[in-house]
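One-letter residues, chain by chain:
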Protein chains: 2
Amino acid sequence: MRAEILAVGTELLMGQIANTNAQYLSQRLAEIGVGVYHHTVVGDNFDRAKQALQTAIDRGANVVILTGGLGPTEDDLTREVVASFVGRSLNLSNEIVEYIRSFYTYRGLEMPENNTKQAMVIDGAEVLHNPRGTAPGMYLEQHGVHFFLLPGPPTEMRPMYEEQVQTILKRLQGTNELVFASRFLRLFGIGESTMELKIRDIIQQQTNPTVAPYASEGEVKIRLTASASTEAEAQALIAPLERSIRERVGEFIYGIDEESLEVKVGQLLQELGQTFSTAESCTGGLIGKMITDLPGSSDYYLGSVVSYHNSVKQSVLGVEAEVLQTHGAVSAECAVQMAEGVRKLTGTDWAVSVTGIAGPGGGSEEKPVGLVYLAVAGPNGSTVQQHQWKHGDRNQIRLRAAKTALYSLIQRLQNER
Amino acid sequence: MRAEILAVGTELLMGQIANTNAQYLSQRLAEIGVGVYHHTVVGDNFDRAKQALQTAIDRGANVVILTGGLGPTEDDLTREVVASFVGRSLNLSNEIVEYIRSFYTYRGLEMPENNTKQAMVIDGAEVLHNPRGTAPGMYLEQHGVHFFLLPGPPTEMRPMYEEQVQTILKRLQGTNELVFASRFLRLFGIGESTMELKIRDIIQQQTNPTVAPYASEGEVKIRLTASASTEAEAQALIAPLERSIRERVGEFIYGIDEESLEVKVGQLLQELGQTFSTAESCTGGLIGKMITDLPGSSDYYLGSVVSYHNSVKQSVLGVEAEVLQTHGAVSAECAVQMAEGVRKLTGTDWAVSVTGIAGPGGGSEEKPVGLVYLAVAGPNGSTVQQHQWKHGDRNQIRLRAAKTALYSLIQRLQNER
């Protein structure tokens, strides 16, 4: 099957919201092997929305998933557009009127009259119930094209997809369709183009599985996707390819799939039954934020000192005045004392520190913007790294520093376990 | 002018990333009065990408902004697609090769040979320089249609738009076009629907300026946009409307335009010549991260203690064991001692603390997920607030807690100055 996701809503074209529905549906459709070939966004305009449907069909879509435009207001016209496109009538469903009325009654409210608009159903369409809102969805088929009309709010659209649309799509796929399996390899410490050079012949030779590289702020991912008639067969196609790639760039692979740097740190520490803390200067709390984004991180992450000002480095972390005078706050010596200081203060097994110049101000010839020191203090002593990132803005430098600090900790944990 | 934003990238169709570039560009184009009629996403496929260009033109676009597909790898083919579409050749620019080489040399690296792909320029195109990456952008015109080729990474695309593309678009608009002026009013402590009820008649009556509310995690913004033949005229249309809105909801307005909570905290502290620090538990460093996102925040933000574990609350912040035993870590008493502890430790004028249950685990009947205590310690003593957020996930609760903490500090600073 060949799908197009068509979002209807002027608020998307004005940039008021991002089209996260398209992202969500793309992920879900990929999981069940439905190919998504286009996303389109069109405004709340009858003619343009109808034209967008024609374009989707002209370019070969046989599954069109529309999101948005099912609400009660004047500019919600997805129902009308689809009805007109397939040349069918819209009929008022008393059952849905009663459902919407009960939805309001339950909340102690009276149903606004414009809400009956939401009870209009395209002739022959299957109604998709919406227990989380007033706008029901719809599914209909015409000339081999399957139309799904879903509400715009993600909190209503997502469960409707999971509970109803996916079942219909799987039924349509029947048993002859292919199953897709994907695996992400996560790399750190290698650039995207260097990585690609190392595995270029693999990328060029492969058709199934396919191999695709992705890069973001120091991290590189390689996606392997295979299709076969069963999940096990698809996985079996991925395995030898993964081995070949690991032979070439294995030293940079730190995790797979959802194993981000934060997740990996947590896994390793939990395995070891150990804890860590952080001392952050230029990252200002970013590492702590990343670590505590994960529920359960309190098992191994005890806390942090953000020593944004030198006085805090001295008074809280115990960095020596002499170190600050002689070497400055952005120095290997200071980074080590910060890490050792927070380790002692919090009583953790490990500690990581970052001190640097994130810019845009504060740089000098001797210590330019992008100069960052990272230290890891552990049961067997401290290590320190110097980095000089020559491009990137404040946010990029901070994010790279935070990720590199976590990667340094992963390397120490892996070496010393 | 009539624009279509065309993103090229299979990763978008797979749902690996959201098309935030389309959102960003839509916002910027709306500001200068360029109408965006469609967004399209197409994969890294030559024929389909070329067909998408034809579709854009068929449906009336005379500005087509392409994002993505300018990288060095095999599947980056936006340059080739556009060159083929307009029937022009691609020529190697030695100047760009040298720029890319210097980009690598400067970083102490050798340029991978596949990078020269990025130095291919469409005949007659204007090169848009990219100081933040290796892929330059391009601008060309053919038969009255203006094509912009921009890199996919937002960190490269956004500055290229702001510094180069916007200038070209404004020039194309000429002098007969309307000028748009916008102003955002920033509110805290009021919900979107309550706010909308209070100014509903204003929203309904206005056509120029337009009034649009936006909400995100506790914050509400009202955007006023006016069009006129000059900037001054447009601003003059906004002024009386802003006054009317301030009469209705002025008590909730804490800033305008780019004055976020972080910015406002900084402004007030710098005005007073005072400093602050933070003690974070459930927010795990998020407040520090938000504050230090701003360059220059070291003038007033000295540091933070992230006391994710109770041992750190006691040993570093001096929270009494009895408080933790009697009231628990998530309590008004603990919040106050955390704020007072970090204030003393860092020697700041002010301190803010947060302790709560961000979920999804860790809640109980007595202390459910979403229960958060915030304290502000200052020269005239401490204040504490209890919040119970009944909906939202871990990230939303953390973000709301961080923002509310900053808002509490703003209120104290405004009352006591």
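Not measured: the values here are computed from a predicted model. (Residues numbered from 1 in each chain as written. Chains lettered and ligands numbered in written order. Predicted model: local features only at pLDDT ≥ 70, side-chain atom pairs only at ≥ 80, totals over all residues. Heavy atoms only, no water.)

**A look at the overall build of chain A**
Counting secondary structure elements, chain A contains 14 helices and 17 strands. Taken along its principal axes, the extent of the C-alpha atoms in chain A is 85 × 55 × 40 Å. Among the 417 residues that make up chain A, the fraction classed as buried is 56%. Counted over contacts in chain A with a minimum sequence separation of 6, partners at least 24 positions apart contribute 68%. On chain A, roughly 16700 Å² of surface is accessible, and the fraction owed to carbon and sulfur atoms is 48%. Distance between charge centroids for chain A: 4 Å, based on 36 positive and 48 negative side chains. (Helix = DSSP H or I, 4+ residues; strand = E, 2+ residues; numbered from the N terminus. Buried < 20%, exposed > 50% of the residue type's maximum accessible area, 1.4 Å probe, protein only. Contact = heavy atoms within 4.5 Å. Areas by Shrake-Rupley, 256 points an atom, 1.4 Å probe, with all protein chains shown as cover. Lys, Arg positive; Asp, Glu negative; His and termini not counted. Charge placed at Lys NZ, Arg CZ, Asp CG, Glu CD.)

**Quick notes on the sheet that holds strand β11 (residues 219-228) of chain B**
Residue and element names in this part refer to chain B. An order of β10-β11-β9-β12 is seen for the 4 strands of this open sheet, with the pairing classed as antiparallel. Each edge of the sheet is formed by a strand with only one pairing partner; in this case those strands are β10 (210-216) and β12 (253-256). Here the average twist between neighbouring strands, direction ignored, is 25°. Across 3 bridges, strand β9 (residues 179-188) lies against β12 in antiparallel orientation. (Pairing = 2+ DSSP bridges. Axes fitted to C-alpha atoms, helices over the stretch in contact; angles between N-to-C directions.)

**Side note on the pairing of strand β7 (residues 137-142) of chain B**
Residue and element names in this part refer to chain B. Of all the 6 residues making up β7, 5 are buried; the element is thus mostly covered by neighbouring parts of the structure. Taken together, the 3 bridges between strand β6 (residues 126-128) and β7 define a ladder with antiparallel strand orientation. Of the residues in β7, the one forming a bridge with leucine 128 is glycine 137. Examined bridge by bridge, β7 and strand β8 (residues 145-150) share 5 bridges and lie antiparallel to one another. Across the sheet, residue glutamate 141 finds its bridge partner in β8, namely histidine 146.

**Re the packing of aromatic side chains**
Taken as a whole, this structure holds 17 aromatic pairs over all chains when the rule is applied. Their ring planes at 50° and their centres at 6.0 Å tell us that tyrosine 308 of chain A and tyrosine 301 of chain B sit as a pair that is tilted. In this pair, tyrosine 308 of chain A sits in the loop between β14 (301-307) and α11 (310-315) while tyrosine 301 of chain B sits in strand β14 (residues 301-307), so the two residues belong to two different chains. The class of tyrosine 308 of chain A is buried, set by a relative accessible area of 14%. Ring geometry for phenylalanine 276 of chain B versus tyrosine 301 of chain B: centroids 5.1 Å apart, planes at 50°, classification tilted. (Phe/Tyr/Trp six-rings, centres within 6.5 Å; stacked < 30°, edge-to-face > 60°.)

**Looking at the interface of chain A and chain B**
Each partner contributes residues to the interface: chain A has 68 residues there, and chain B has 72 residues. Between chain A and chain B the total buried area reaches about 5800 Å² when both faces are included, carbon and sulfur atoms providing 56% of it. For chain A, the biggest contributors to the area lost against chain B are Leu13, Tyr308 and Lys390 of chain A; these three give 10% of the whole. If you look at where chain A meets chain B, you find 2 salt bridges. For the salt bridge of arginine 398 of chain A with aspartate 293 of chain B, the shortest nitrogen-to-oxygen distance reads 2.8 Å. At the surface where chain A touches chain B, the tally comes to 32 residue pairs in polar contact (both at pLDDT 80 or more). (Buried area = accessible area lost by both parts, 1.4 Å probe. Salt bridge = Lys/Arg side-chain N within 4 Å of Asp/Glu carboxyl O. Polar contact = N/O pair within 3.5 Å; in protein donor to acceptor, adjacent residues only side chain to side chain.)

**As for unusual backbone geometry**
All names here are of chain B. Cis geometry is adopted by the peptide bond preceding proline 209, which originates at asparagine 208 and carries an omega value of 5°. Cis peptide bonds are those with omega within 30 degrees of zero, and the linkage from glycine 359 to proline 360 qualifies with 0°. With respect to the secondary-structure elements, proline 360 resides in the loop between β15 (350-356) and β16 (371-378). Here aspartate 257, not a glycine, exhibits a phi torsion of approximately 50°, which is positive.

**What to know about the domain arrangement of chain A**
Structurally, chain A comprises domain 1 (2-173), domain 2 (179-256) and domain 3 (261-416). With centres defined by C-alpha atoms, the gap from domain 1 of chain A to domain 2 of chain A works out at 36 Å. (Domains from an automatic or database assignment.)

**A short note on the packing of helix α3 (residues 46-58) of chain B against helix α4 (residues 78-86) of chain B**
Residue and element names in this part refer to chain B. One way to put it is that α3 packs onto α4 with a least axis distance of 9 Å and a crossing angle of 55°. Put simply, α3 runs oblique to α4. Here α3 and α4 pass one another in a crossing that is right-handed. Across the interface between the two elements, Phe46, Ala49, Lys50, Leu53, Gln54 and Ile57 from α3 touch Glu80, Val81, Val82, Ser84 and Phe85 from α4. Grouping the constituent residues of the contact of α3 with α4 by class yields 7 nonpolar, 2 polar and 2 charged. (Parallel < 35°, antiparallel > 145°, perpendicular 65-115°, else oblique. Left-handed = near helix turned anticlockwise from the far one by under 90°. Nonpolar A, V, L, I, M, F, W, Y, C, P; charged D, E, K, R; others polar.)

**A few points about the pattern of salt bridges**
Residue and element names in this part refer to chain A. For the coordinates displayed, the defined rule picks out 26 salt bridges over all chains. Here aspartate 293 ties to lysine 289 by a salt bridge, and the two come within 3.0 Å at their closest N and O atoms. Measuring nitrogen to oxygen at the nearest pair gives 2.7 Å for the salt bridge that ties arginine 412 to glutamate 416. Note that arginine 412 and glutamate 416 are positioned in helix α14 (residues 394-416) at a spacing of 4 residues, about one turn of the helix. One network of salt bridges, with partners in common, ties together Arg183, Glu242 and Arg246.

**Things to note about the packing of helix α7 (residues 192-205) of chain A against helix α8 (residues 231-249) of chain A**
Residue and element names in this part refer to chain A. Relative orientation of the contacting elements α7 and α8 amounts to 145°, with a least axis distance of 10 Å. For the crossing formed where α7 meets α8, the hand is right-handed. On the side of α7, the interface is formed by Met195, Lys198, Ile199, Asp201 and Ile202, while α8 contributes Leu241, Ser244, Ile245, Arg248 and Val249. The residue inventory of the contact of α7 with α8, partitioned by class, reads 6 nonpolar, 1 polar and 3 charged.

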